[in-house]
Amino acid sequence: MKDQEFGEPPTVGVEEEFFLVRPDSGEAAAAGTRVVARAAPRLGHAASGEFTEYQVEGRTEPCHRMDELRAQLRGVRAGLAAAARAEGLRLCASGTPVIGGDGGRADLGDHPRYRAGAWQYRAMLDDFAVCAFHAHVHLPDRETAVLVGNHLRPWLPLLVAMSANSPFHRGRDTGYASWRSVIRGRFPCLGPPPYAESLAEYERLATAMAATEAMLEPGMPFWDVRPNPRLPTLEVRTMDVLSDVDDTVALTALIRALVVTAARRAAAGDPGPRTGAELLRAAYWRAARDGWPGHGVDAPTGRVLPSSVQARNLLEHVRPALRAYGDEGEVTAFLRRLELRGSGAERQRSRLATEPRLGAVVEGLVGETCPEDGP
């Protein structure tokens, strides 16, 4: 669907990271290289390794429509799941490993950047096995992309709450909805992007961060919103991986509408709200702890509001773009699901309450990740 005022919808692409788990115990298994090799004939470059051998990644091609994105996500997940089954394992979408692997540092994936990170951050990476979903929205102008990031910053904690799917970590209930966000929050190079008035200022900040060794390289910052260093996209990296494909599709549609709305405001000369770093950090922490349906810091106003109220405010903010692209129903259905069944973190805890063993939590996640692997 096209709206004359908005034009053609920009393409979107998604990357999803998954854990490999043993079907008998639910324990994370270090087999990423083998699983990717098995998936390669079917998926090609859509399958890759990740930071640890406990993980694999799947990615889609750029898509204009959400039904196209949904079909690609299902196809990539099915290909990865089949490769995992061939190794006697299952694919599991959770932000952190529910049941740990060997209890220590996992084998790193085969990439020079991963090895450089291990040297630079040392013991901070001992339990850095976390799985995210990243949404890429086509935005070829890097200057505009930085200004769009200014507009997105206040909404990022809400994306944490809506996608929270990591309450358990290596056999323990952390008390948080998104423990993945807590793990990432230790690092000086992760989290919300800085407010920057121009691409030049953004690049100066990244260069200064790299000079301190808090960041690996200035050309590839790991902030939660960034102009992708290789692709003409703005990448949003805040979210835990979601087990339900429909939730991933809906949240991608919401992010695209948010990016388009921000780009229009930036083009009109609106520099975006100067949300302070301290308040934004507090908002991240509260969202990670309480998730959905908890309360969180509404960063645009500084007030503490229910996540559901913040979500309705966001929906109103981006509704014109959602309607222009035919995505309003997708997003409102997602919000209804959140109200009825909760976030991934809530569903994980509900499974444990029904059947008090962590293996049941993993089984439920596996079944949602790829239904053919379900009980």
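Description of the structure in this document.

The rules behind the values
- Residues numbered from 1 in each chain as written.
- Predicted model: local features only at pLDDT ≥ 70, side-chain atom pairs only at ≥ 80, totals over all residues.
- Heavy atoms only, no water.
- Helix = DSSP H or I, 4+ residues; strand = E, 2+ residues; numbered from the N terminus.
- Rg over C-alpha atoms; globule rule 2.2 N^0.38 Å.
- Areas by Shrake-Rupley, 256 points an atom, 1.4 Å probe, with all protein chains shown as cover.
- Lys, Arg positive; Asp, Glu negative; His and termini not counted.
- Charge placed at Lys NZ, Arg CZ, Asp CG, Glu CD.
- Axes fitted to C-alpha atoms, helices over the stretch in contact; angles between N-to-C directions.
- Parallel < 35°, antiparallel > 145°, perpendicular 65-115°, else oblique.
- Left-handed = near helix turned anticlockwise from the far one by under 90°.
- Contact = heavy atoms within 4.5 Å.
- Nonpolar A, V, L, I, M, F, W, Y, C, P; charged D, E, K, R; others polar.
- Core = buried A, V, L, I, M, F, W, Y, C linked by side-chain atoms within 4.5 Å.
- Buried < 20%, exposed > 50% of the residue type's maximum accessible area, 1.4 Å probe, protein only.
- 1 Å grid on protein atoms, 1.4 Å probe; cavity = no way out; pocket = protein on both sides within 12 Å on 5 of 7 lines; lining within 4 Å.
- Points joined across faces, edges and corners; volume = space filled by probe spheres on them.
- Salt bridge = Lys/Arg side-chain N within 4 Å of Asp/Glu carboxyl O.
- Pairing = 2+ DSSP bridges.
- Expected span 1.5 Å × (residues − 1).

**Overview of the overall build of the chain**
Here comes step 1: When helices and strands are counted, the chain shows 13 helices and 11 strands.
Here comes step 2: Taken over the C-alpha trace, the chain has a radius of gyration of 19 Å; the compact-globule value for 375 residues is 21 Å, and the two agree within 12%.
Here comes step 3: Accessible area of the chain: about 14,800 Å², with a carbon and sulfur share of 53%.
Here comes step 4: Looking at charge distribution, the chain has the averaged site of its 45 positive side-chain charges lying 2 Å from that of its 49 negative ones.

**Considerations on the packing of helix α8 (residues 245–267) against helix α11 (residues 328–341)**
Angle between the axes and distance between the axes are the two parameters that describe a pair of packed helices.
Here comes step 1: In contact at an axis separation of 8 Å, α8 and α11 are set at 125° when each is read in the N-to-C sense. Accordingly, the angle class assigned to the pair α8 and α11 is oblique. Our pair here, α8 against α11, has a crossing hand that is left-handed. Contacts between α8 and α11 pair D246, D247, V249, A250, L251, A253 and L254 from the former with E330, V331, F334, R337 and R341 from the latter.
Here comes step 2: Its residues assigned to classes, the contact of α8 with α11 comprises 7 nonpolar, no polar and 5 charged.

**Looking at the nonpolar core**
Here comes step 1: If you look at the biggest cluster of nonpolar residues, it comprises 76 residues, and the most contacted ones within it are L152, M162, L251 and I255.
Here comes step 2: Sort the elements by how many residues they give to this core and α8 lands first, with 13 residues.
Here comes step 3: Residues within four places of L152 in sequence aside, it is in contact with V225, L234, V236, L258, V259 and A262.
Here comes step 4: In this structure, F18, A81, V98 and L358 belong to the second largest nonpolar core, which totals 36 residues.

**Details of the layout of surface pockets**
Here comes step 1: Volume-wise, the second largest pocket comes out at about 480 Å³.
Here comes step 2: Considering the residues around the second largest pocket, the lining is formed by 19 residues, among which G185, L190, G191, P192 and R281 are closest to the centre.
Here comes step 3: Listed by contribution, the elements that provide at least two residues to the lining of the second largest pocket are α6 (179–185) and α9 (277–290).
Here comes step 4: Sorting elements by how many residues they give to the lining of the second largest pocket places α9 first, with 6 residues.
Here comes step 5: Across the lining of the second largest pocket, the residue classes break down as 13 nonpolar, 3 polar and 3 charged.

**Focus on the pattern of salt bridges**
Here comes step 1: Tallying each qualifying case throughout the model produces 30 salt bridges.
Here comes step 2: One salt bridge in this structure joins E87 and R38, with 2.5 Å as the shortest N-O distance. With E87 in the loop between α2 (66–86) and β4 (90–92) and R38 in helix α1 (residues 32–43), this pair connects stretches of sequence that are 49 residues apart.
Here comes step 3: Exposure remark for E87: the relative accessible area of 22% places this residue in the partly exposed category.
Here comes step 4: We classify R38 as partly exposed; its relative accessible area is 43%.
Here comes step 5: For R351, the salt bridge identified is with E368, shortest N-O distance 2.7 Å. Taken together, the residues R351 in helix α12 (residues 344–354) and E368 in helix α13 (residues 358–369) connect sequence positions 17 residues apart.
Here comes step 6: Since its relative accessible area comes to 17%, R351 is described here as buried.

**A word on the pairing of strand β5 (residues 132–138)**
One face of the sheet, then the other: side chains in a regular strand alternate in exactly this way.
Here comes step 1: A large share of β5 lies buried, amounting to 6 of its 7 residues.
Here comes step 2: The sheet contact formed by strand β1 (residues 12–21) and β5 spans 5 bridges and is antiparallel. If you follow G13 over to β5, its bridge partner there is H136.

**Notes on α13**
Here comes step 1: If you check α13, its first and last C-alpha atoms are 17 Å apart, about what 12 residues at 1.5 Å a residue would give, namely 16 Å.
Here comes step 2: Among the 12 residues in α13, 10 count as buried, and that is most of the element.
Here comes step 3: For α13, the complete set of buried residues consists of L358, G359, A360, V361, V362, G364, L365, V366, G367 and T369.
Here comes step 4: In the core, the buried residues of α13 are packed alongside β1, α2, β4, β6 (168–169) and α12.

**Structural notes on the side chain of T275**
Here comes step 1: Following the sequence through the fold, T275 ends up in the loop between α8 and α9.
Here comes step 2: With sequence-adjacent residues up to four places away left out, T275 is seen in contact with R153, P154, L280 and A299.

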